[in-house]
Amino acid sequence: MIGRLNHVAIAVPDLQAAAATYRDMLGARVSEPKPMPEHGVTVVLVELPNTRIELLHPLGTQSPIASFLAKNPAGGMHHICYEVDDILETRDRLVASGARVLGGNEPKIGAHGKPVMFLHPKDFCGTLIEIEQA
Ligand code: CO
């Protein structure tokens, strides 16, 4: 049912330092910081040959990653995103299997302009899962 790994999101307390780590130590191609006020984050995209990493830093007072960083001050992996062909069909199958969708049962438009949903980490091996209709 799930397809490609779209991205891995890492919450970071210092976006410039995180971007420098990926650019200078790991030799990856990193974007300029991109503010996304409607999602409460500033993002640096790290392009890898087979997927990408999103370095997320809180933006504004309602950031969805602020509490994560409060619990994990050094930063850490926040979620992974899998692509699906049909997000509503995927949701229905997952909910029928007992999985919990976070933030209501309807998809929202995600950071890439595509419909996304988040799934409860307790139902998926302790990992917050984002599904995106690619
Ligand atoms: Co994401």
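That block above? That's the structure.
Within each chain, residue numbers correspond to sequence positions counted from 1 in written order. Given that the model is predicted, a residue must reach a pLDDT of at least 70 before its local features are reported, and side-chain atom pairs must reach 80 or more before they are shown or counted; all residues, however, enter totals for whole chains, interfaces and linings. Excluding hydrogens and water, the side-chain figures rest on all heavy atoms present in the structure.

(A) Structural view of the coordination of the cobalt ion. For Na, K and Ca the donor cutoff is 3.2 Å, while for all other metals N, O and S atoms must lie within 2.8 Å; water is not among the atoms, so some sites may look incomplete. In the first shell of the cobalt ion, the protein supplies His 7 (NE2), His 79 (NE2) and Glu 130 (OE), at 2.0 to 2.1 Å from the metal. Site description for the cobalt ion: donor spacing in sequence, H-x71-H-x50-E. Residue His 7 is located in strand β1 (residues 5–11), and its partner His 79 is located in strand β6 (residues 76–84); the two are separated by 72 residues in the primary sequence. With respect to burial, His 7 and His 79 carry one shared label: buried. Note on conventions: DSSP H or I runs of at least 4 residues are helices, E runs of at least 2 residues are strands, and numbering of each starts at the N terminus. Using a 1.4 Å probe on the protein chains alone, a residue whose accessible area is under 20% of its type maximum counts as buried, one over 50% counts as exposed, and one in between counts as partly exposed.

(B) Quick peek at the nonpolar core. Judged by nonpolar contacts, the single largest core of 23 residues is most densely connected at Ile 10, Tyr 22, Val 46, Ile 53, Leu 55 and Ile 131. Counting residues per element, the ones that place at least two in this core are β1, α1 (15–25), β4 (41–47), β5 (52–58), β6, α3 (87–96), β9 (115–119) and β10 (129–133). For this core, the leading source of residues is α1, giving 4 residues. Any two residues whose heavy atoms approach within 4.5 Å at even a single point are treated as in contact. Each residue touching Ile 53, except ones within four places of it in the same chain, is listed here: Val 8, Ile 10, Tyr 22, Val 44, Leu 45, Val 46 and Leu 48. Residue types Ala, Val, Leu, Ile, Met, Phe, Trp, Tyr and Cys, when buried and joined through side-chain atoms within 4.5 Å, form a set referred to as a nonpolar core. By size, the runner-up hydrophobic cluster in this structure holds 10 residues, among which are Val 43, Leu 45, Leu 56 and Ile 65.

(C) Region of interest: α3. Of all the residues in α3, the buried ones are Ile 87, Thr 90, Arg 91 and Leu 94. For α3, the angular spread of the buried residues around the axis is 100°, confining them to a single face. Against the buried residues of α3 lie β6, β7 (101–102), β9 and β10. For this analysis, a polar contact is any N or O atom pair within 3.5 Å, provided that within protein one partner can donate a hydrogen and the other can accept it, and provided that sequence-adjacent residues contribute only side-chain to side-chain pairs. The backbone nitrogen of Leu 88 lies 3.1 Å from a side-chain oxygen of the residue at the head of α3, namely Asp 86. Once α3 ends, the next one or two residues include Gly 98, with phi positive near 100°. This arc describes the spread of directions from the helix axis toward the C-beta atoms.

(D) Inspection of α1 at higher detail. When α1 is considered as a whole, its buried residues turn out to be Leu 15, Ala 18, Ala 19 and Tyr 22. Along the axis of α1, the buried positions cluster into a sector of 100°, meaning they face one direction only. Facing away from the buried side of α1, by more than 90 degrees, are the exposed residues Gln 16, Asp 24 and Met 25. Along its buried surface, α1 packs onto β1, β2 (29–30), β4 and β5. Residue Asp 14 occupies the N-cap position of α1, its side-chain oxygen lying 3.2 Å from the main-chain nitrogen of Gln 16. Following α1 by one or two positions, Gly 27 has its phi on the positive side, about 70°.

(E) Looking closely at the layout of surface pockets. Taken as a whole, the largest pocket holds about 760 Å³ of empty space. Taken together, 33 residues form the lining of the largest pocket, with Pro 64, His 78, His 79, Phe 118 and Leu 128 sitting closest to its centre. Contributions of two or more residues to the lining of the largest pocket are made by β4, β5, α2 (66–71), β6, β7, β8 (108–109) and β9. Note on definitions: the grid is 1 Å and covers protein atoms alone; a cavity is a set of points where a 1.4 Å probe fits but cannot get out; a pocket is an open set with protein on both sides within 12 Å along at least five of seven lines; lining residues have an atom within 4 Å of a point. Grid points are joined across faces, edges and corners, and a volume is the space filled by probe spheres set on the points.

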